[in-house]
Amino acid sequence: MIRLPRLLAALSVLLVAGAAAAQEVVHHRVPGSDVPISQAVEIPDGRALVFLSSFGPFPSDDKHASAHPGDTKAQTVAVLKRIEDALARIALTHADVVKMQVFLVADPKKGGKSDLAGFTEGYKQFYGTPAQPNLPARSLVQVAGLVNPAWLVQIEVTAVRPRAR
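It should be emphasised that the depicted structure is a prediction, and the values quoted were computed from it without experimental measurement.

Trainee: Break down helix α3 (residues 116–123) for me, with residues and values.
Mentor: Residues of α3 that are buried include every one of Gly118, Phe119, Thr120, Gly122 and Tyr123, and no others. Summarising the contacts, the buried residues of α3 are in contact with α2 (72–89), β4 (97–105), β5 (137–143) and β6 (153–161).

Dropping the structure here:
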């Protein structure tokens, strides 16, 4: 026979575990798609949103911009590494990113079209991996130009500060 205090303790543990699970950020994948983005991301009450300014592959005032790699994939990786560093400085990671806005410039080497395939190859190194499966909701637009004419990609992100890891 289970005693009432033990039963109440067990129920308390279940309720706390359920409440904790309900407080997690929920990433809703795009149904039937292998596109590495979330269709929607739910953020529970009480979580802090962290908005990062946008990053290019190198600082906009870099006087040696022509020395940087120029294709979209390489620039995407460079941007996401800069974002990774910025997130780390405030105790966050790519896993905490819930929204991403991407600005692509048409690549002259691609016939004046943005290189979505190159962007995606770079992006998949950081998102949707076994080590980091969380996928942000994402907007991606082609723009006429960016602040530095050598940039092909610029990205800004919004992250959610977790309660505890």
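Trainee: I'd like to hear about the sheet that holds strand β3 (residues 48–51), residue by residue, with values.
Mentor: The four strands are arranged β3-β6-β4-β5 in an open sheet whose pairing can be described as mixed. Because the sheet does not close on itself, it has two edges, and the strands there are β3 and β5. Ignoring which end each strand starts from, the neighbouring axes of this sheet average 10° apart. Pairing between β3 and β6: four bridges, direction antiparallel. In the strand pairing of β6, Val50 is matched with Ala159. In this fold α2 packs onto β4 and β6, with an angle of close to 30° to the strand it touches most, β6. Strands β4, β5 and β6 of the sheet are contacted by α3, whose axis makes an angle of about 145° with β5.

Trainee: Account for the packing of α2 against α3, naming residues and giving values.
Mentor: It is at 7 Å that the axes of α2 and α3 come closest, and there the two elements cross at 35°. The two elements α2 and α3 meet at a crossing, and its hand is right-handed. Contacts from Thr72, Lys73, Thr76, Val77 and Leu80 of α2 reach α3 at Gly118, Phe119, Glu121, Gly122 and Tyr123. Looking at the contact of α2 with α3 residue by residue, the class counts come to four nonpolar, four polar and two charged.

Trainee: Any chance you could break down the side chain of Thr76 for me, citing the residues and the numbers?
Mentor: Inspection of the secondary structure assignment puts Thr76 in helix α2. The contacts of Thr76, once residues within four sequence positions are left out, are Phe119, Gly122, Tyr123 and Val153.

Reading guide: rules and limits
- Residues numbered from 1 in each chain as written.
- Predicted model: local features only at pLDDT ≥ 70, side-chain atom pairs only at ≥ 80, totals over all residues.
- Heavy atoms only, no water.
- Buried < 20%, exposed > 50% of the residue type's maximum accessible area, 1.4 Å probe, protein only.
- Helix = DSSP H or I, 4+ residues; strand = E, 2+ residues; numbered from the N terminus.
- Contact = heavy atoms within 4.5 Å.
- Pairing = 2+ DSSP bridges.
- Axes fitted to C-alpha atoms, helices over the stretch in contact; angles between N-to-C directions.
- Left-handed = near helix turned anticlockwise from the far one by under 90°.
- Nonpolar A, V, L, I, M, F, W, Y, C, P; charged D, E, K, R; others polar.

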